Amino acid sequence: IPFGTLTQYLLTAPEDDQTEIFLLTSFDLAPATDWRSGVPSETPDHEKIMTEAGKLIGLVRERPASRLFYLPAPILPIFANASENVLLELELQRLASIAGASILPTSMFSMNTYLASGNPVASQALGEMAAKIQNSLIKSRTGTGKVLITDLDSVMWHGIVGEDGPEGVSAEPQGAGFVH
């Protein structure tokens, strides 16, 4: 496994209770399609590419607190037949979708930014990308939580707990703003 790759990272155990965000492109799932690597000397095998992509997606899915985003990007034309290149793009997106990835609009991708810095997200789309990630984190929170409510003297119920004790507090809510 090449050092410093996504696959190497995915083989390390995730930290407990740490949410991980994965922003994947077709290049992450199929490195042979990466524009920054150049055209391979030999035509890659389509089935082998999809098998390796499936394994990588499987590793991401094994991480319980992960959030997956897929940014469709045009692949390097590695096949002589243009329709086979398009088919590979669609299959990679389908694989990400089946894995539960949020599919981002293709307009968020910038080839210029990617080739210049390695960042696949267009600079004008960074704010939108951040909002999508934030929303996925907020919506995914599940389970129970604890709430400490203070300074509600005679606001939500009659009585003052700190001075009168629990027996001085009426069990009946006061006003229409009581929340169960």
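Residues numbered from 1 in each chain as written. Predicted model: local features only at pLDDT ≥ 70, side-chain atom pairs only at ≥ 80, totals over all residues. Heavy atoms only, no water.

A.B. asks: I'd like a description of the overall build of the protein chain, backed by residues and values.
C.D. replies: Along its length, the protein chain carries seven helices and three strands. A burial count over the protein chain gives 30% of its 180 residues as buried. With an accessible surface of roughly 11700 Å², the protein chain has 54% of that area assigned to carbon and sulfur atoms. (Helix = DSSP H or I, 4+ residues; strand = E, 2+ residues; numbered from the N terminus. Buried < 20%, exposed > 50% of the residue type's maximum accessible area, 1.4 Å probe, protein only. Areas by Shrake-Rupley, 256 points an atom, 1.4 Å probe, with all protein chains shown as cover.)

A.B. asks: Requested: an account of the pairing of strand S2 (residues 66-71), with residues and values cited.
C.D. replies: In terms of burial, S2 is a largely internal element, five of the six residues being buried. As paired elements, strand S1 (residues 20-25) and S2 share six bridges and run parallel to each other. Residue pairing in the sheet places Phe22 in a bridge with Leu68 of S2. Strand direction decides the pairing type here: S2 and strand S3 (residues 102-103), joined by two bridges, are parallel. Directly across from Tyr70, in S3, lies its bridge partner Ile103. One crossover worth recording links S2 to the parallel S3 by way of helix H4 (residues 82-98), and it is right-handed. (Pairing = 2+ DSSP bridges. Right-handed = clockwise from strand over helix to strand, strands pointing away.)

A.B. asks: Summarise H4; cite the residues concerned and give the values.
C.D. replies: For H4, spanning 17 residues, the distance from its first C-alpha to its last is 25 Å, which sits close to the expected 24 Å at 1.5 Å a residue. Along its buried surface, H4 packs onto helix H2 (26-29), helix H3 (46-61), S2 and S3. Directly after H4, the chain includes Gly100, whose backbone phi takes a positive value near 90°. (Expected span 1.5 Å × (residues − 1). Contact = heavy atoms within 4.5 Å.)

A.B. asks: Explain the pattern of salt bridges residue by residue, including any values.
C.D. replies: Under the criterion given, the structure shown has one salt bridge. For Arg63, the salt bridge identified is with Glu20, shortest N-O distance 2.7 Å. A residue pair is termed long-range when its members are at least 10 positions apart, and Arg63 in the loop between H3 and S2 and Glu20 in strand S1 qualify at 43 residues. (Salt bridge = Lys/Arg side-chain N within 4 Å of Asp/Glu carboxyl O.)

A.B. asks: Residue-level account of the environment of Glu52, with values.
C.D. replies: Relative to the helices and strands, Glu52 resides in helix H3. Judged by relative accessible area, which is 41%, Glu52 ranks as partly exposed. Residues Glu52 and Pro31, spaced 21 residues apart in sequence, show a C-alpha to C-alpha distance of 9.6 Å.

A.B. asks: Describe the confidence of the model for the protein chain, with residues and values.
C.D. replies: In regions of low pLDDT, the predicted coordinates are not meant to be interpreted in detail. When the pLDDT values of the protein chain are averaged, the result is 82; 76% of them are 70 or greater. For the protein chain, helix H7 (residues 161-164) is the element with the lowest average pLDDT, namely 54, and H4 is the one with the highest, namely 95. (pLDDT = per-residue confidence, 0-100.)

A.B. asks: Before we move on, can you summarise the nonpolar core with the specific residues and values?
C.D. replies: By size, the foremost hydrophobic cluster in this structure holds 24 residues, and its most contacted members are Leu24, Leu29, Ile57, Leu68, Tyr70, Leu88 and Leu92. Of all the secondary-structure elements, those providing two or more residues to this core are S1, H3, S2 and H4. Here this core gets seven residues from one element, more than from any other, and that element is H3. Once you skip the residues sitting within four places of it in the chain, Leu68 turns out to touch Phe22, Leu24, Ile57, Val60, Ala96, Ala99, Gly100, Ala101 and Ser102. With 12 residues, the next largest nonpolar core counts Phe27, Phe69, Leu71 and Ala73 among its residues. (Core = buried A, V, L, I, M, F, W, Y, C linked by side-chain atoms within 4.5 Å.)

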